[in-house]
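Fold and geometry: a report
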Amino acid sequence: MGKGKKRKNRANVKNNQLYETHQSRKSENLLNAEDKCKTRLLKDLQQLKNIGLLSYSLDRSTNEFEVLEFYGDSVLYERTSKYIMTTRRFFNPHLMTQLRTQCVRNNNLARVFDTLGLQTLVPQRDIDDLKMNLKARADVVEAILGELAEKRCENALSQLLSFIMYVGEAAFELSPGDYRYCVSSMMMNMYFDGRLLSLLLDY
């Protein structure tokens with residue numbers, strides 16, 4: 001075997017080891033973040049409900065609910081895009097789109113609803129239906145985003161958006177080829193520093 005081929009094989013082994021390390025760290029970091037955030041976030045949402053700043057988004061029987069759902073969908077799409085542009089510039093447009101799609105899809109929003117325990121905030125009459133209806137749970141999350149944005153509850157809005165991103169990223173997988181592309185992209189653009197490497201390893 002030639003020297004060039006041996007070096008290439010060693011590089012591939014090293015890349016695969018790095019990929020396996022970043023997958024392991026990704027799972028661990030996301031689980032820790034999830035545990036840390038969800039209790040505080042649910043408490044903050046409960047407090048907003050108690051003082052009347054979170055009301056229509058929790059009651060699907062009102063016309064205002066659908067308006068807030070519409071607005072929340074726009075907020076989610078725009079803020080998710082901004083987050084990805086800010087923190088994942090080493091992704092190509094295809095990967096950016098894939099990550100955004102993963103985060104805004106109904107499956108992810110319903111998972112956020114379940115993980116946070118948002119059923120404790122909605123009217124008792126809706127709980128059974130919500131358990132059986134994935135889209136309905138996703139709609140509640142979007143409506144909450146809309147009401148938080150409309151009433152300028154920026155702290156709770158940012159927390160909920162961050163949690164949606166955490167849960168979405170947990171289900172988003174970079175292939176070894178995509179991972180190598182991201183490393184190469186970072187190096188080519190001279191962004192290969194400790195901060196961005198840490199971001200990449202979180203994947």
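The structure under discussion appears in the preceding block.
Okay, so let's go over this structure. (Residues numbered from 1 in each chain as written. Predicted model: local features only at pLDDT ≥ 70, side-chain atom pairs only at ≥ 80, totals over all residues. Heavy atoms only, no water.)

Topic: the overall build of the protein
Rule in force here: A helix here means a DSSP run of H or I that spans at least four residues, while a strand means a run of E at least two residues long, and both kinds are numbered starting from the N terminus. Note on classification: 1.4 Å probe, protein chains only; a residue is buried when its accessible area is under 20% of the maximum for its type, exposed when over 50%, partly exposed between these limits. It only takes one pair of heavy atoms within 4.5 Å for two residues to be counted as in contact. Note on areas: these come from Shrake-Rupley sampling with a 1.4 Å probe, and a residue is covered only by the protein chains present in the view.
Scanning the protein from terminus to terminus reveals 9 helices and 0 strands. From first element to last, N terminus to C terminus, the protein shows the α and β order α-α-α-α-α-α-α-α-α. Here the protein, with 203 residues, has 42% of them falling under the buried criterion. Pairs at least 24 residues apart make up 77% of the contacts formed inside the protein by residues separated by at least 6 positions. Element-wise, carbon and sulfur atoms account for 52% of the exposed surface of the protein, whose accessible area totals about 11,500 Å².

Concerning unusual backbone geometry
Positive phi outside glycine occurs at R152, with the angle close to 55°. Positionally, R152 belongs in the loop between α6 (134–150) and α7 (154–170).

Side note on helix α3 (residues 93–104)
Applicable threshold: For a helix, the expected span equals 1.5 Å multiplied by the number of residues minus one. The arc in question is the one traced by the directions running from the helix axis out to the C-beta atoms.
Taking 1.5 Å per residue as the helical rise, α3 with its 12 residues ought to reach 16 Å, and the 16 Å between its terminal C-alpha atoms agrees with that figure. For α3, the full list of buried residues reads L95, M96, L99, Q102 and C103. Seen end-on, α3 carries its buried residues on one side only, within an arc spanning 130°. Residues of α3 that are exposed and angled more than 90 degrees away from the buried face: P93 and H94.

Comments concerning the nonpolar core
Here is a general trend for soluble globular proteins: nonpolar side chains tend to be buried in one another's company. Keep this limit in mind: Nonpolar cores were defined as sets of buried Ala, Val, Leu, Ile, Met, Phe, Trp, Tyr and Cys residues, with membership established by side-chain atoms within 4.5 Å.
With 36 residues, the main nonpolar core has L45, L118, I144, L148, L160 and I164 as its most contacted residues. Elements with a contribution of two residues or more to this core: α1 (3–50), α2 (63–87), α4 (106–116), α5 (127–132), α6 and α7. Ranked by residue count, the leading element in this core is α6, at 9 residues. When sequence neighbours within four positions are dropped, the list of residues in contact with L148 reads L45, L48, L54, C153, A156, L157 and L160. Formed by 9 residues, the second largest nonpolar core is a distinct cluster that contains L95, M96, M165 and F172.

Thoughts on the pattern of salt bridges
The cut-off we apply is this: Salt bridge criterion: a side-chain nitrogen from Lys or Arg within 4 Å of a carboxyl oxygen from Asp or Glu.
All told, the structure shown has 9 salt bridges when counted by the stated rule. Taking the shortest distance from any N to any O, the salt bridge between E147 and K151 comes out at 2.6 Å. Residue classification places E147 among the buried positions, given a relative accessible area of 0%. K151 sits in the partly exposed class, given a relative accessible area of 28%. When salt bridges with common partners are traced through the structure, they connect D59, R125 and D126 into a single cluster.

Focus: the packing of α4 against α6
The angle between the axes and the distance between the axes are what describe a pair of packed helices. Put simply, the rule is: Note on definitions: angles span 0 to 180 degrees between N-to-C directions of axes, and those axes are lines fitted to C-alpha atoms, for helices only across the stretch in contact. Geometric relationships in this document are graded by angle, where less than 35 degrees denotes roughly parallel, more than 145 denotes roughly antiparallel, 65 to 115 denotes roughly perpendicular, and other angles denote oblique. Gly is placed with the polar residues, together with every amino acid not listed as nonpolar (Ala, Val, Leu, Ile, Met, Phe, Trp, Tyr, Cys and Pro) or charged (Asp, Glu, Lys and Arg).
At a minimum axis separation of 8 Å, α4 and α6 run at an interaxial angle of 75°. Comparing the axis directions of α4 and α6 gives the class roughly perpendicular. Within the contact between the two elements, α4 uses N106, N107, L109, A110, F113 and D114 and α6 uses L134, K135, R137, A138, V140, V141 and E142. The class makeup of the residues in the contact of α4 with α6 is 7 nonpolar, 2 polar and 4 charged.

Quick look at the layout of surface pockets
The following threshold applies: Only protein atoms enter the 1 Å grid, on which a cavity is a set of points fitting a 1.4 Å probe that cannot get out and a pocket is an open set with protein on both sides within 12 Å along at least 5 of 7 lines, lining residues being those with an atom within 4 Å of a point. Grid points are joined across faces, edges and corners, and a volume is the space filled by probe spheres set on the points.
Roughly 170 Å³ of volume is contained in the second largest pocket. Considering the residues around the second largest pocket, the lining is formed by R79, T80, K82, Y83, S158, L161, S162 and M165. Among the residues making up the lining of the second largest pocket, the classes are represented as 3 nonpolar, 3 polar and 2 charged.

Functional significance is not addressed by these values, which are geometric in nature.
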